[in-house]
Amino acid sequence: MARIRLSPSASLSPRPVPRTALTLLAALIFPLPLRAQSAPEQLPWRFTQVAMASVSGTFLEGPRIATVSSPVGAGLGIGLQRRVRPRLETGVILRALVSPVRATEAGASWSLGSLREVGAVGTASVDGYTGQRVALRLEGAAGIAVLSGVDGALPFSELAVISPSVEAGVALGAPPRAGRREWWFTARANTLRLGRASANAGFTEGWGSRVLLGVRTVR
Amino acid sequence: MTPRLRIRIAPLALVLSALLVSACDAPTVARPMAAYSPTSLTNGQLYRWSSGSTIRVWHIQPADSTRDVFRATQLALAEWNAVPRLREYRLESATSLERANIVIVDRSTPLPLAPAASCPFDPRGSTGYTYFCVSGNRAQRLQSSSGAPTDVSVIIRLDVGGMASQAVLEAVVLHEMGHALGIGGHSPETADVMFGNPTARFLSGRDVQTLQFLLGERPQFTL
């Protein structure tokens, strides 16, 4: 009969949930008492899809120069998320957005092309309020994006390859119920770090900001 | 945590989001000052193309010349296309005379366009001459010599036969294209393309700076 030998450090208790960077990020963004749980429920990864619109994006401004902005854009994303604490979910979303970009100065506006954005974000979502009919979550995300498609205009023409992004916001939906697909309406403030490809690039680095409105489904 | 306390987290998130956006300044860039006057030939009148314009250039190769006007035009387009930082204009080759905005023609070729009656066409024997006629706050669209309407508002007239070399032709076309884009003045520096007697075949930093300056200025009229 085979016998299993356990090393002194081994344990038969359930493996603790790994503390990912996303969990730490969530704890930093949301100052909530994330109390240690003695036996967190092991829930499976769930598949999530999101359709989103970007609104009021601003990417460049300055004295005596046109403002480069994107009034509206659209995107899709897919990902996985998992509940790692009784009130905390983390996940990863891969997403792609397209935004028409325009330059605007006094009395004139012209197209600079379509900004294409592909990126990945780690997400953290904390239950803020759960009632009978409605639930509210506080959400944060951080990740990276690669921007392309607007090569003839600053800042995109002299942009670093990878742009870090950070966002925070809320999600509103029906309270989750076992076995049912979840639907959430989300609103997040998003900022993209727009860095220079080289030290002599013709702009001062900054953050491109916008609002991301979305509909997310989880099952 | 009580439900009441949880509800208060919503405003916290909204404030956090607002802070995230407002605390993050957008990238900035400033327009340079002009390195030389872009209006010394126009009595202080600043002109340029409307922002975002695609400017189509048509050239006519003189039949009896070995000088390559096409090559000179392409070099000029490439040089001046490198100046805009927010795609304020885009130069490209036209597919026909009627669809062009700028026409480059040698003096040995009959003028394919009728100059405006209110503005005399007066090259005065110069090797390069840029012509447009302003009506109100915009340059007039010229008619073809047969009377058909065109999109042409600027004529660049060359004296190719009087040019000593292809290099001189390229310098002159580059210079006149600077006038056609909005630089209504001459530089005092010989290394600048916009020097009055041009020899430079590549834009200097001062040329770039001067055009970038006027691209951010509100013009008195557009071409």
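Per chain, the residues get numbers from 1 upward, laid out in the order the sequence is written. A letter from A marks each chain and a number from 1 marks each ligand, given out in the order of writing. Whole-chain, interface and lining totals are the exception, using all residues; otherwise, since this is a predicted model, local features are given only for residues with pLDDT of at least 70 and side-chain atom pairs are given and counted only at 80 or more.

## Section: the overall build of chain A
The following threshold applies: The way it works is that DSSP assigns letters per residue, a run of H or I at least four long becomes a helix, a run of E at least two long becomes a strand, and they are numbered from the N terminus. Exposed residues have 12 or fewer other C-beta atoms within 10 Å of their own C-beta, buried residues have 20 or more, and partly exposed residues fall in between, where C-beta atoms are placed from the backbone.
Across its full length, chain A carries one helix and eight strands. Helices and strands appear in chain A in the N-to-C order α-β-β-β-β-β-β-β-β. Here chain A, with 219 residues, has 41% of them falling under the buried criterion.

## Section: the sheet that holds strand β8 (residues 206-218) of chain A
Residue and element names in this part refer to chain A. Selection rule: In this scheme, strands are said to pair when DSSP sees at least two bridges between them. Orientation is described by axes fitted as lines to C-alpha atoms, over the contacting stretch for helices, and by angles from 0 to 180 degrees between their N-to-C directions.
Strand order around the closed barrel formed by eight strands is β1-β2-β3-β4-β5-β6-β7-β8, with antiparallel pairing between neighbours. Shown here is a sheet whose adjacent strand axes are inclined to one another by a mean of 25 degrees, direction ignored. Sheet topology places strand β5 (residues 135-148) next to strand β6 (residues 162-173); twelve bridges connect them, and they run antiparallel. Bridge pairing in β6 places Ala135 opposite Gly173.

## Notes on the sheet that holds strand β4 (residues 102-106) of chain B
Across a sheet, strands are paired by hydrogen bonds formed along the backbone, either parallel or antiparallel in direction. Residue and element names in this part refer to chain B. Selection rule: Think of it this way: build a C-beta for each residue from its backbone, and any pair within 7 Å is a contact.
Pairing in this open sheet of five strands is mixed, and the strands run β3-β2-β4-β10-β6 from one edge to the other. Only two strands of the sheet have a single neighbouring strand rather than two, namely β3 (89-93) and β6 (128-131). Recorded for the sheet is a direction-independent mean angle of 20 degrees between the axes of neighbouring strands. Here strand β2 (residues 53-59) pairs with β3 via five bridges, running parallel. Directly across from Arg56, in β3, lies its bridge partner Glu92. In the packing of helix α3 (residues 69-81) onto the sheet, contacts are made with β2, β3 and β4, and the angle to β2 comes to roughly 165 degrees. Most of the contacts of helix α4 (residues 166-181) go to β6, to which it runs at about 20 degrees, and overall it touches β4, β6 and β10 (154-158).

## Points about the nonpolar core
Quick note on the threshold: In this description, a nonpolar core means buried residues of the types Ala, Val, Leu, Ile, Met, Phe, Trp, Tyr and Cys, linked to one another by C-beta atoms lying within 7 Å.
Ranked by internal contacts, the top residues of the largest apolar core, which has 46 residues, are Ile102(B), Val103(B), Ile104(B), Val154(B) and Val173(B). Looking at this core, the elements with two or more residues in it are β2, α3, β3, β4, β10, α4 and α5 (205-215) of chain B. By residue number, the principal contributor to this core is α4(B), which donates eight residues. Leave out the neighbours within four places in its chain, and Val103(B) touches Trp58(B), Leu97(B), Leu113(B), Val152(B) and Ile155(B). Phe59(A), Val101(A), Phe203(A) and Leu86(B) belong to the second largest nonpolar core, which has 23 residues in total.

## Details of the interface of chain A and chain B
Often, the extent of an interface is quoted as the loss of accessible area upon association of its parts. Each partner contributes residues to the interface: chain A has 42 residues there, and chain B has 28 residues. The set of elements that each furnish at least two residues to the side of chain A that touches chain B consists of β1 (46-60), β3 (88-105), β4 (108-130), β5, β6, β7 (182-194) and β8 of chain A. Looking at the side of chain A that touches chain B, the element that brings in the most residues is β4(A), giving six residues.

## Quick notes on the packing of α3(B) against α4(B)
Residue and element names in this part refer to chain B. Rules: Should an angle fall under 35 degrees it is called roughly parallel, over 145 degrees roughly antiparallel, and 65 to 115 degrees roughly perpendicular, with every other angle called oblique. We call a crossing left-handed when the near helix sits turned anticlockwise from the far one by less than a right angle, and right-handed when that turn is clockwise. Side-chain classes follow a simple rule in which Ala, Val, Leu, Ile, Met, Phe, Trp, Tyr, Cys and Pro form the nonpolar group, Asp, Glu, Lys and Arg form the charged group, and the remainder, Gly included, forms the polar group.
Look at α3 against α4: their axes get within 9 Å of each other, and the N-to-C directions meet at 50 degrees. By the angle between their directions, the pair α3 and α4 is classed as oblique. Crossing hand, α3 versus α4: right-handed. For the pair α3 and α4, contact is made by Ala72, Thr73, Leu75, Ala76, Glu79 and Trp80 and by Leu169, Glu170, Val173, Leu174, Met177 and Leu181, respectively. Partitioning the contact of α3 with α4 into residue classes produces nine nonpolar, one polar and two charged.

## Notes on α3(B)
Residues and elements named next belong to chain B. Keep this limit in mind: By this rule, a helix spans an expected 1.5 Å times one less than how many residues it contains. Directions pointing from the helix axis toward each C-beta atom define the arc.
In a regular helix each residue adds 1.5 Å, so 13 residues correspond to 18 Å; α3 covers 18 Å between its end C-alpha atoms and thus fits that length. For α3, the set of buried residues is Val69, Ala72, Thr73, Ala76, Glu79 and Trp80. Taken down its axis, α3 places every buried residue within 130 degrees of arc, on the same side. Facing away from the buried side of α3 by more than 90 degrees, the exposed set consists of Phe70 and Ala78. Considering only its buried residues, α3 is in contact with β2, β3, β4 and α4.

## Topic: the pairing of β8(A)
In the case of a regular strand, side chains alternate between the two sheet surfaces. Residue and element names in this part refer to chain A. Pairing of β1 with β8, which is carried by nine bridges, proceeds in the antiparallel orientation. Bridge pairing links Gln49 to Thr217 in β8. Note: β7 against β8, 13 bridges, orientation antiparallel. Within β8, the position partnered with Thr191 by the bridge is Ser209.

## Structural notes on the confidence of the model for chain B
As a reminder of what qualifies: Predictor confidence is given residue by residue as pLDDT, running from a minimum of 0 to a maximum of 100.
Of all residues in chain B, 90% have pLDDT values of 70 or greater, and the mean over the chain is 89. For this predicted complex, the interface confidence comes out at an ipTM of 0.76, alongside a pTM of 0.77.

## A look at unusual backbone geometry
A cis amide bond links Leu154(A) with the next residue in sequence, Pro155(A), at an omega value of -5 degrees. Along the chain, Pro155(A) turns up in the loop between β5 and β6. Positive phi outside glycine occurs at Ser56(A), with the angle close to 55 degrees. As for its placement among the helices and strands, Ser56(A) is situated in strand β1. Classification of Ser56(A) as exposed rests on a count of 12 C-beta atoms within 10 Å. Phi at Arg87(B) is positive, roughly 50 degrees, even though this residue is not glycine. Summarising the element assignment, Arg87(B) is placed in the loop between α3 and β3.

## Description of the confidence of the model for chain A
Residues and elements named next belong to chain A. Here chain A averages 82 in pLDDT, and 81% of its residues register 70 or above. By mean pLDDT, helix α1 (residues 21-29) is the weakest element of chain A at 45, and β3 is the strongest at 94. Every residue in residues 1-40 scores below 50 in pLDDT, and together they form 37 contacts with partners more than four places removed in sequence or on other chains.

## Side note on α4(B)
Residue and element names in this part refer to chain B. The first and last C-alpha atoms of α4 sit 22 Å apart over 16 residues, in line with the 22 Å expected at 1.5 Å per residue. Within α4, 13 of the 16 residues are buried, leaving the element largely enclosed by the surrounding structure. Note on α4: the residue one or two positions beyond its end, Gly182, has a positive phi of about 140 degrees.

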